[in-house]
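Chains, contacts and geometry: an overview
Here is how the chains run, residue by residue.
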Amino acid sequence: MTEKLWHKSSTHLNPLIERYTVGDDTANDSVLMPYDIAASSAHVKGLARIGVLTEEEKESLLSGLAALKTEWEAGKGVMTQDDEDCHTVIERYLVAACGDTGKKVHTGRSRNDQVLVALRLYMKDMLVRIRKEAGILTADLLSFADRYRAVPLPGYSHTQQAMLSSVGHYFCSYLEALLDDIEFLDGVTIHIDKNPLGSVAGFGIALPLDRSGTTRELGFSRTQVNSLYCQTSRRKFEAATLEALSQIMQTLATMANDLILFTSREFDFFSVDESCVTGSSIMPQKRNMDVLEIVRGSLSLVRGNQMMIATIGSQLISGYHRDVQLTKKPLIESCVRTLQSIEVMREFMRHVVPNEESIKEKIMKDIFSADIATTLAVKEGMPFRDAYRIACDRLAEATVDPQENIRSKISEGAPGNLMLEQYERRIKTLYSISSEKPSC
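Here is a short report on the structure shown in this document.

Thresholds applied
- Within every chain, residues take consecutive numbers counted from 1 along the sequence as written.
- Restriction of local features to residues with pLDDT of at least 70 applies here, the model being predicted, together with a cutoff of 80 or more for giving and counting side-chain atom pairs; totals for whole chains, interfaces and linings are based on all residues.
- Derived side-chain values reflect all non-hydrogen atoms in the structure, with water molecules and hydrogen atoms excluded from consideration.
- What counts as a helix is a DSSP run of H or I of at least four residues, what counts as a strand is a run of E of at least two, and both are numbered from the N terminus.
- Radius of gyration: C-alpha atoms only; globule rule: 2.2 Å multiplied by the number of residues to the exponent 0.38.
- Think of it in three bands: residues with accessible area under 20% of the maximum for their type are buried, residues over 50% are exposed, and the middle band is partly exposed, with areas taken using a 1.4 Å probe on protein chains only.
- Contact definition: two residues touch when any of their heavy atoms are within 4.5 Å.
- Under the convention used here, a 1.4 Å probe and the Shrake-Rupley method define accessible areas, while residue burial counts only the protein chains that appear.
- Charged residues are defined narrowly, with Lys and Arg counted positive, Asp and Glu counted negative, and His plus the chain ends left uncounted.
- Every charge is mapped to an atom, namely NZ of Lys, CZ of Arg, CG of Asp or CD of Glu.
- Residues belong to one nonpolar core when they are buried, are Ala, Val, Leu, Ile, Met, Phe, Trp, Tyr or Cys, and are joined through side-chain atoms within 4.5 Å.
- Centres within 6.5 Å make a pair out of two Phe, Tyr or Trp rings, where for Trp the six-membered ring is used; the pair is then stacked when the planes are under 30 degrees apart, edge-to-face when over 60, and tilted otherwise.
- Any carboxyl oxygen of Asp or Glu that lies within 4 Å of a side-chain nitrogen of Lys or Arg is treated as forming a salt bridge with it.
- Taking the helix axis as origin, the arc is that swept by the directions to the C-beta atoms.
- An axis is simply a line fitted to the C-alpha atoms; with a helix, the fit covers only the stretch in contact. Between two such axes, the angle follows the N-to-C directions and lies from 0 to 180 degrees.
- The cut-offs work like this: below 35 degrees is roughly parallel, past 145 is roughly antiparallel, 65 to 115 is roughly perpendicular, and the gaps in between are oblique.
- What makes a crossing left-handed is the near helix being turned counterclockwise from the far one by less than a right angle; a clockwise turn instead makes it right-handed.
- Residues are grouped as follows: Ala, Val, Leu, Ile, Met, Phe, Trp, Tyr, Cys and Pro are nonpolar; Asp, Glu, Lys and Arg are charged; all remaining types, including Gly, are polar.

**A short note on the overall build of the protein**
The helix and strand tally for the protein stands at 15 helices and six strands. Here the protein has a C-alpha radius of gyration of 28 Å; the compact-globule value for 440 residues is 22 Å, and the former is much larger. Expressed as a percentage of its 440 residues, the buried residues of the protein come to 49%. Of the contacts formed within the protein by residues at least 6 apart in sequence, a portion of 76% connects residues at least 24 apart. Total accessible area computed for the protein in this model is approximately 21,400 Å², and 53% of it derives from carbon and sulfur atoms. Once the 51 positive and 59 negative side-chain charges of the protein are each reduced to a mean point, those two points are 3 Å apart.

Below you can see the structure in the form of structure tokens.
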């Protein structure tokens, strides 16, 4: 059995206790390894700046960390249950590569602030990646809405045909929701962009650690000052991150739910390429929208994970507790699932087309009742409530052109006035600081 970093006696940890306490950490920490290596490199440089490490020792450790990063990226790195976590792998690797110098890497540092900074870097990185993919999806939705802006589509209230909408109008609703989600995500990113490295176990240390230097080195905008709050903030920041992901997943789930309904044979509003559907093992005719159902269900997964993290943190006093180890898996799972969901929705939308003739056949005439009431009120000077009462009686004699009806809806954000230019400006503003802007 390999000796643990915290091992102090000849007694070894009970194997059952070890398996239980390590849990899923070997899998989760494999994801965090690159971030822990980056933080370790920043810490080594900081120790050299305050004279704890010589220049030669610093270079030796940085070389070892670079070699470990290369091995890990090439898939040659191994983490076992004996290692417990990525922090142990790093220290053991450095001791093997650098001798006694490797043992100095943990000076002025605890596994508590190691995991904090690795998770913080992971969250920042994933939010950037999710933001980029979401931005591309907004541009795709804008293009789709523009292309089909004049195609009629029934609008629903209480799951009943209510008033005439359009394909462009429907997809602008998802577009605007996603733009709001991205702005919310930006707020969370700013909120968590604080460096906890140097907080050690939550109570500081008798060394003049260069926390400002590691903040700059790791690309954080600020240093998280109070060392105890650094530990307590872990469950708060993770829950905030999952709230941002939940907002995005709520938009995607609504969009998926509509498309599941609208691609059914009963509705037949949209067709989807065969490459995006699955089938049944017993019913040859089936074209299943499995991908949309999984996107829809993934909202519950992310929301459930968010609740799990919030609940774990709700009963703890200040400082580090091993309970929060259990937040790694739901955090990582939710980040990955949200990113994948955006990617598959982008791909799915590339293969969707409206069935214009089928839609036209299914538009019920009474969907224009509210418009008839409005016309009577405006053109005949009739009180709207009186017009409302006789509108359905006028349906039989009314001739309504769906295209003309769409054009008549001129209030801001209505089917005839989608304000697409405003959405394009918002997308460009949100991504003006990015080198890879979504194409509008």
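Once the structure has been displayed, the description carries forward.
**A short note on the nonpolar core**
Among the nonpolar cores identified, the biggest contains 106 residues, and Met33, Leu141, Phe171, Leu259 and Phe270 are the most heavily contacted of them. The element contributing the most residues to this core is helix 5 (residues 111–147), with 16 residues. Once residues lying within four places of it in the same chain are set aside, the contact partners of Met33 are Leu68, Trp72, Met79, Cys86, Val89 and Ile90. Formed by nine residues, the second largest nonpolar core is a distinct cluster that contains Ile372, Ala373, Met382 and Ala387.

**Digging into the packing of aromatic side chains**
Enumeration over the complete set of coordinates arrives at 14 aromatic pairs. An angle of 40° between the planes, with centres 6.1 Å apart, marks the rings of Tyr156 and Phe262 as tilted. On the criterion of sequence distance, the pair formed by Tyr156 in strand 1 (residues 152–157) and Phe262 in helix 8 (residues 227–262) is long-range, its members being 106 residues apart. Overall, the relative accessible area of 25% leaves Tyr156 in the partly exposed class. Classification of Phe262 by relative accessible area gives buried; the value is 4%. For the ring pair Tyr156 and Phe267, a centre distance of 6.0 Å and an interplane angle of 55° mean the geometry is tilted. Of this pair, Tyr156 sits in strand 1 while Phe267 sits in the loop between helix 8 and strand 5 (270–272); the two residues are 111 residues apart in sequence, bridging distant segments of the chain. Members of the aromatic cluster, joined through ring pairs, are Phe144, Tyr148, Tyr156, Tyr170, Phe171, Tyr174, Phe262, Phe267, Phe269 and Phe270.

**Describing the pattern of salt bridges**
All told, the structure shown has 23 salt bridges when counted by the stated rule. As a salt-bridge pair, Arg346 and Glu133 come within 2.6 Å of each other at their nearest N and O atoms. Taken together, the positions of Arg346 in helix 10 (residues 328–349) and Glu133 in helix 5 put the pair 213 residues apart, joining distant regions of the chain. We classify Arg346 as partly exposed; its relative accessible area is 24%.

**Let's talk about helix 15 (residues 420–430)**
Among all positions in helix 15, only Leu420, Tyr423, Arg426, Ile427 and Leu430 are buried. End-on, the buried residues of helix 15 take up no more than an arc of 120°, which puts them together on one face. Opposite the packed face of helix 15, turned more than 90 degrees from it, sit the exposed residues Glu421, Arg425 and Thr429. Looking at the buried positions of helix 15, the neighbouring elements they touch are helix 5 and helix 6 (167–192).

**Things to note about the packing of helix 6 against helix 15**
With their axes 11 Å apart at the nearest point, helix 6 and helix 15 run at an angle of 25° to one another. Of the possible angle classes, the one that applies to helix 6 and helix 15 is roughly parallel. Two packed elements cross with a definite hand, and for helix 6 against helix 15 that hand is left-handed. Counting all contacts with helix 6, which are made through Cys172, Leu175, Glu176, Leu179, Asp180, Ile182, Glu183 and Asp186, the residues of helix 15 involved are Leu420, Tyr423, Arg426, Ile427 and Leu430. The class makeup of the residues in the contact of helix 6 with helix 15 is eight nonpolar, no polar and five charged.

Purely geometric stuff here, so don't read any function into it on its own.
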